[in-house]
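What the coordinates show
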Amino acid sequence: MKARVTVMLKTGVLDPQGEAVRHALGGLGFAGVNGVRQGKVIELDLAETDKARAEAEVKAMCEKLLANTVIESYRVEIL
Amino acid sequence: MKAAVVTFPGSNCDRDLAVAFERAGWDVVRVWHKDTALPEGVDVVGVPGGFSFGDYLRCGAIAAQSPIGAAVKAHAARGGYVLGICNGFQVLTEMQLLPGALMRNAGLKFVCRMLTLRVATADSAFTAGYGKGQEITVPVAHHDGNYTIGADGLKQLQDQDRIAFTYADNPNGSVADIAGILSENRRVLGMMPHPERVVDPLQGGTDGAVLFKALLGGLALA
């Protein structure tokens, strides 16, 4: 079973990298980009076959390591 | 008094930190990240700067979960002293020994220069050798030193006098110009600037040596 974790800076936390990308897009002539947020995607290949258990386990991984919940939020998708 | 300096793969200030402790009169032991326990009788653990585990995932995140990490947390839980510098500060926040987090510098650039720090409190074994409000010259060298914490957390740090150092001229966007903070029991210090890089006149200054000597003096009396 595969899982995909999307980690983003929480809403309200300034994302300087996203801002830099927004500026660069503007410089390339892409007008109308009001905001850019940059995050990361982590794909996991799991031995677990039960969807609910897999989701619970991945959430535990996010809390412990994959995300820093002081500044980041995460979303888990079981694929 | 005994200091243990931790080395992770990618640490690069571990030897400098060990020398800074030694110069101040500490017995120093070096500890590897795979060690599961600290040597007997360690009074302070130094978590050095560098790029532990290549800064993969987040700065300090993997190091915080390493085998020695559990021993460092247990040391702090027993009331032991811990000093985290630069990447070491990031590691201590990831271990949740200190609140908040260190984000990418607001200017996105790696900042590497001497700068002026203000001693925000002299009420800790680490900062007792300075006067409150004293300005000291210490270098910074980091890409992710932009300290952030929620409004409630910041108020708690301020109310409990736990901000150890602030920048006179903020180089990274850090909230309230914070350069270093203390734990609630004032025995864990995390700071982005490098006091271990100013302990000898040949390094361009000696303002950092005061920290290591004061810590030794304070613990020897305790």
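The following refers to the structure shown. (Residues numbered from 1 in each chain as written. Chains lettered and ligands numbered in written order. Predicted model: local features only at pLDDT ≥ 70, side-chain atom pairs only at ≥ 80, totals over all residues. Heavy atoms only, no water.)

1. Observations concerning the overall build of chain B
- A count of helical and extended segments in chain B gives six helices and eleven strands.
- Over its C-alpha atoms chain B spans a radius of gyration of 16 Å, differing by no more than 12% from the 17 Å that the globule rule assigns to 222 residues.
- Dimensions along the principal axes, computed over C-alpha positions, put chain B at roughly 40 × 35 × 35 Å.
- Considering only intrachain contacts with a sequence separation of at least 6, the fraction spanning at least 24 residues in chain B is 73%.
- Summed over its atoms, the accessible surface of chain B is roughly 8700 Å², and 50% of this surface lies on carbon and sulfur atoms.
- Looking at chain B, you have 19 positive and 21 negative side-chain charges, and the mean spots of the two groups are 2 Å apart. (Helix = DSSP H or I, 4+ residues; strand = E, 2+ residues; numbered from the N terminus. Rg over C-alpha atoms; globule rule 2.2 N^0.38 Å. Contact = heavy atoms within 4.5 Å. Areas by Shrake-Rupley, 256 points an atom, 1.4 Å probe, with all protein chains shown as cover. Lys, Arg positive; Asp, Glu negative; His and termini not counted. Charge placed at Lys NZ, Arg CZ, Asp CG, Glu CD.)

2. As for the interface of chain A and chain B
- At the junction of the two partners, chain A supplies 16 residues and chain B supplies 13 residues.
- Counting the surface lost from both chain A and chain B, the interface buries some 1200 Å², and carbon and sulfur atoms represent 66% of this.
- A per-residue breakdown of the area chain A buries against chain B is headed by Pro-16, Leu-65 and Asn-68 of chain A, which together make up 39% of the total.
- Viewed at the interface, chain B and chain A are joined by one salt bridge.
- Between Glu-72 of chain A and Arg-58 of chain B there is a salt bridge; the shortest N-O distance is 3.7 Å.
- Seen at the junction of chain A and chain B, the total is five residue pairs in polar contact (both at pLDDT 80 or more).
- Secondary-structure elements contributing two or more residues to the side of chain A that touches chain B are helix H1 (16–27), strand E2 (40–45) and helix H2 (51–66) of chain A.
- The residue makeup of the side of chain A that touches chain B, split by class, is eleven nonpolar, two polar and three charged. (Buried area = accessible area lost by both parts, 1.4 Å probe. Salt bridge = Lys/Arg side-chain N within 4 Å of Asp/Glu carboxyl O. Polar contact = N/O pair within 3.5 Å; in protein donor to acceptor, adjacent residues only side chain to side chain. Nonpolar A, V, L, I, M, F, W, Y, C, P; charged D, E, K, R; others polar.)

3. Focus: the sheet that holds strand E1 (residues 2–9) of chain A
All names here are of chain A.
- On the basis of which strands lie adjacent, the open sheet formed by three strands has the order E2-E1-E3 and antiparallel pairing. Sheet topology places E2 and strand E3 (72–78) at the edges, where each strand pairs with a single neighbour. When the angles between neighbouring strand axes are averaged without regard to direction, this sheet yields 20°.
- Here E1 pairs with E2 via six bridges, running antiparallel. Of the residues in E2, the one forming a bridge with Arg-4 is Glu-43.
- On top of the sheet, H2 reaches E1, E2 and E3; it is set at about 155° to E3, its chief contact. (Pairing = 2+ DSSP bridges. Axes fitted to C-alpha atoms, helices over the stretch in contact; angles between N-to-C directions.)

4. Overview of the pattern of salt bridges
- Scanning all chains against the criterion turns up 15 salt bridges over all chains.
- Salt-bridge contacts for Arg-53 of chain A lead to Glu-48 of chain A; the nearest nitrogen and oxygen are separated by 3.3 Å.
- Two residues, Lys-155 of chain B and Asp-159 of chain B, come together in a salt bridge whose shortest N-O distance is 2.6 Å. Taken together, the positions of Lys-155 of chain B and Asp-159 of chain B, both in helix H5 (residues 151–159) and four residues apart, correspond to about one turn of that helix. Each member of the pair, Lys-155 of chain B as well as Asp-159 of chain B, carries the same accessibility label: exposed.
- Because the salt bridges share partners, they merge into one network encompassing Glu-72 of chain A together with Arg-58 and Glu-94 of chain B. (Buried < 20%, exposed > 50% of the residue type's maximum accessible area, 1.4 Å probe, protein only.)

5. Some words on the nonpolar core
- Among the nonpolar cores identified, the biggest contains 69 residues, and Phe-21, Phe-165 and Phe-212 of chain B are the most heavily contacted of them.
- Here the element with the most residues in this core is helix H6 (residues 209–221) of chain B; it accounts for six residues.
- Core analysis: the second largest hydrophobic core is formed by 13 residues, Ala-3, Leu-46, Leu-66 and Ala-67 of chain A among them. (Core = buried A, V, L, I, M, F, W, Y, C linked by side-chain atoms within 4.5 Å.)

6. Thoughts on the sheet that holds strand E4 (residues 81–85) of chain B
Residues and elements named next belong to chain B.
- Strand order in this open sheet of nine strands is E2-E1-E3-E4-E11-E10-E9-E6-E7, and the pairing throughout is mixed. Edge positions in the sheet fall to strand E2 (27–32) and strand E7 (135–142), since each has one partner strand and no second. When strand polarity is set aside, the average angle formed by the axes of neighbouring strands in this sheet is 20°.
- Where strand E6 (residues 111–119) and E7 come together, eight bridges link them in antiparallel fashion. Bridged to Arg-113 within E7 is Val-140.

7. Here's the deal with the packing of aromatic side chains
Residue and element names in this part refer to chain B.
- Throughout the structure, instances matching the rule amount to six aromatic pairs over all chains.
- Geometrically, the ring pair formed by Phe-21 and Phe-212 is edge-to-face, given 5.1 Å between the ring centres and 80° between the ring planes. In this pair, Phe-21 sits in helix H1 (residues 14–23) while Phe-212 sits in helix H6, placing the two residues 191 residues apart along the sequence. With respect to class, Phe-21 is no different from Phe-212; both count as buried.
- Three or more aromatic residues joined by ring pairs make a cluster, and in this case those are Phe-21, Trp-26 and Phe-212. (Phe/Tyr/Trp six-rings, centres within 6.5 Å; stacked < 30°, edge-to-face > 60°.)

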